[in-house]
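What the coordinates show
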Amino acid sequence: MRISLRAAALASVAVLAAAGCSGTADPTTTGGAGPLAGQSLEVAGTWSGTEQESFQQVLDAFATKTGATVKYTSGGDDLAALINSRLAGGSPPDVALIPQPGVVNEFARKGAIKELTGEAATAVAANYSPAWQQLGTVDGKLYGVYFKVANKSVVWYRTDKFAEAGVQAPATWDDFVKVTKTLADAGISPMAVPGGDGWTLTDWFENVYLRVGGSENYDKLSRHEIAWTDPTVVQTLQLLGQYWGDAKAVQGGAKGAVQLKFTQSIADVFGEKPQSAMLFEGDFVAAEINKLGKVKVGEGAKFFDWPAVNGSKPAVVTAGDQAVAFKDSPAAQQLIAFLASPEAAKIMAAKGGFLSANKNLDTKAYPDPTTVALAESVVKADLLRFDLSDLTPQTFGGGTGASMWRLLQDFLTDPADPAGTAAKLEAAAKKDFGGK
């Protein structure tokens, strides 16, 4: 699922604690002398709380560099709706950072966003690998640059629990299952599965499916060019069902897992009273572990890459926020060129909780070796695929009531019928993809 929902979940306590704070705060940065002196820009994004504060420093640097006045507007998880409303009123933001490629594709095909040209296109070509450039391309034209990305193919674990059970980080699915069983036999709950937030379950599915179905089928499934009843989908659900259906493997069993929320799951593994040894989710978990202050990332908390299935090659499922221009102006192009630069990425990297796909960012900018390793796996990945649920129509994969979320939650609760769940996913896909 997209980073914005995840960030909102993680930031909710801080946001609620701030008196008078709403997710739509609009801090303003005023520039001085420079090539854009006297010009104003509005940037819209999903970020609030800590992420917004960090990004504000990037905008401050751009304002200082160019003399522009920059206003940030947070649309939270309703960013697409906010932008559509603003487009209807004839006043879109100059630039937006959008976490869903499907939404960007729709804007591009409607002519709502502008092709990146000049220094923006040059900066993207200079600083991003062909794989990342392709992710910002629609119908052969470059429209966006991924400023913030995620590594969603990692499993976090407590080193003390692994030592207690005498197990090592697994590299294959079979070893992953063995580690899970050994932990359980040692009286340690192996895995927290926060099924109360359906997006986490889509991430489980995507990582197994990329390794079972392969990259070509992954792409086809995201576009509904193969059915969700395809044998590769059923096989993926079978593997998930075997794992989720083992009451000893999953904290609280399936019925407990479907009630567990993501923020609570982090505390349940890495907090004051740990209940489980492992938690699967993206790199952004590291910042939250450090905030808990009970174990240190890189010491008491480490990660291993998502295990290979049947000899599958290393692969990374990623997500990210893509900067696009809604106004065809030199100022908008200059801002995106700046966001595509190592200079901008370095500012956010130093704050933590951030990964960049910028290949020219010096990894010394990251605050610790763990973040360096997470970032390098994304930048250097040979097989990289975007979060599948974010590539589908929003009604299928993009929100709390979305079909994929709901059906995977049902499957977590009762994983006895993988083929039946595949049939339900296919029926929903036919409806949500507009009969395609």
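Bear in mind the structure is a predicted one, so any value in this text is a computation, not a measurement. Every residue gets a number counted from 1 within its own chain, in the order that chain's sequence is written. For this predicted model, a pLDDT threshold of at least 70 governs which residues receive local features, and a threshold of 80 or more governs which side-chain atom pairs are given and counted, while totals over whole chains, interfaces and linings are taken from all residues. By convention in this description, side-chain values take in all heavy atoms of the structure and omit both hydrogens and water.

**Observations regarding the packing of helix α19 (residues 403-413) against helix α20 (residues 418-432)**
This is how the line gets drawn: Fitted lines through C-alpha atoms give the axes, limited to the stretch in contact for helices. The angle between two N-to-C directions lies from 0 to 180 degrees. Per the convention used, a helix needs a DSSP run of H or I reaching at least four residues, while a strand needs a run of E reaching at least two, with both numbered from the N terminus. In this scheme, roughly parallel covers angles under 35 degrees and roughly antiparallel covers those over 145, while 65 to 115 is roughly perpendicular and the rest are oblique. Crossing handedness follows the turn of the near helix against the far one: under a right angle anticlockwise gives a left-handed crossing, and clockwise gives a right-handed one. Whether two residues are in contact is decided by their heavy atoms: any pair within 4.5 Å suffices. Three categories are distinguished: nonpolar for Ala, Val, Leu, Ile, Met, Phe, Trp, Tyr, Cys and Pro, charged for Asp, Glu, Lys and Arg, and polar for the others, with Gly belonging to the last.
Packing of α19 against α20 brings their axes to within 10 Å, and their N-to-C directions diverge by 165°. Compared by their axis directions, α19 and α20 come out roughly antiparallel. Crossing angle aside, the handedness with which α19 passes α20 is right-handed. Taking contact as the criterion, the partners of S403, M404, L407 and F411 in α19 are, on α20, P418, T421, K424, L425, A428 and D432. Per-class residue counts for the contact of α19 with α20 are 6 nonpolar, 2 polar and 2 charged.

**A word on the packing of aromatic side chains**
How we decide: By convention, a stacked pair of Phe, Tyr or Trp rings (six-membered ring in the case of Trp) has centres within 6.5 Å and planes under 30 degrees apart, an edge-to-face pair has planes over 60 apart, and any other such pair is tilted. Here's how the labels work: a residue is buried when its accessible area is under 20% of the maximum for its type, exposed when over 50%, partly exposed in between, all with a 1.4 Å probe on protein chains only.
One pass over the structure, following the stated rule, counts 30 aromatic pairs. On the numbers, 5.5 Å between centres and 45° between planes, the contact of Y146 with F386 is tilted. Pair noted here: Y146 is in strand β7 (residues 144-151) and F386 is in strand β13 (residues 384-386), with a separation of 240 residues, a long-range link. Here Y146 and F386 have matching classes, each one buried. A network of ring pairs unites the aromatic residues Y157, F162, W173, F176, W204, Y243, W244, F280, F304, W306 and F411 as a single cluster.

**What about helix α13 (residues 285-292)?**
Spelled out, the test is: The arc in question is the one traced by the directions running from the helix axis out to the C-beta atoms.
Residues of α13 that are buried include every one of V285, A286, E288 and I289, and no others. Down the axis of α13, the buried set is contained in an arc of 165°. They therefore lie on one face.

**What to know about the pairing of strand β10 (residues 276-280)**
Selection rule: Note on pairing: DSSP must find at least two bridges between two strands before they are called paired.
A large share of β10 lies buried, amounting to 5 of its 5 residues. As judged from the 3 bridges shared by strand β8 (residues 154-158) and β10, these two strands associate in the antiparallel manner. Note that in β10 the partner of W156 across the bridge is L279.

**Some points on the sheet that holds β10**
Strand order across the open sheet formed by 4 strands is β9-β10-β8-β11, with mixed pairing between neighbours. If you trace the sheet from one side to the other, it starts and ends with β9 (189-192) and β11 (301-305), each paired once. Neighbour-to-neighbour, the strand axes of the sheet open up by a mean angle of 25°, direction not taken into account. Across 5 bridges, β8 lies against β11 in antiparallel orientation. Note on β11: the bridge partner recorded for V154 is D305. On the sheet, helix α12 (residues 262-270) packs against β8, β9, β10 and β11 and is oriented at approximately 140° with respect to β10.

**Describing the nonpolar core**
This is how the line gets drawn: The term nonpolar core refers to a set of buried residues drawn from Ala, Val, Leu, Ile, Met, Phe, Trp, Tyr and Cys, joined through side-chain atoms within 4.5 Å.
Counting residues in hydrophobic clusters, the biggest one holds 74 residues, and the most contacted among them are V43, F55, F147, W156 and I289. At 7 residues, the largest contribution of residues to this core is made by helix α14 (residues 330-339). Beyond its immediate stretch of four places on either side in the chain, V43 contacts F55, L59, V70, K71, Y72, T73, V95, L97 and L335. The next biggest cluster of nonpolar side chains, apart from the first, holds 54 residues, and it includes V155, L221, Y243 and F304.

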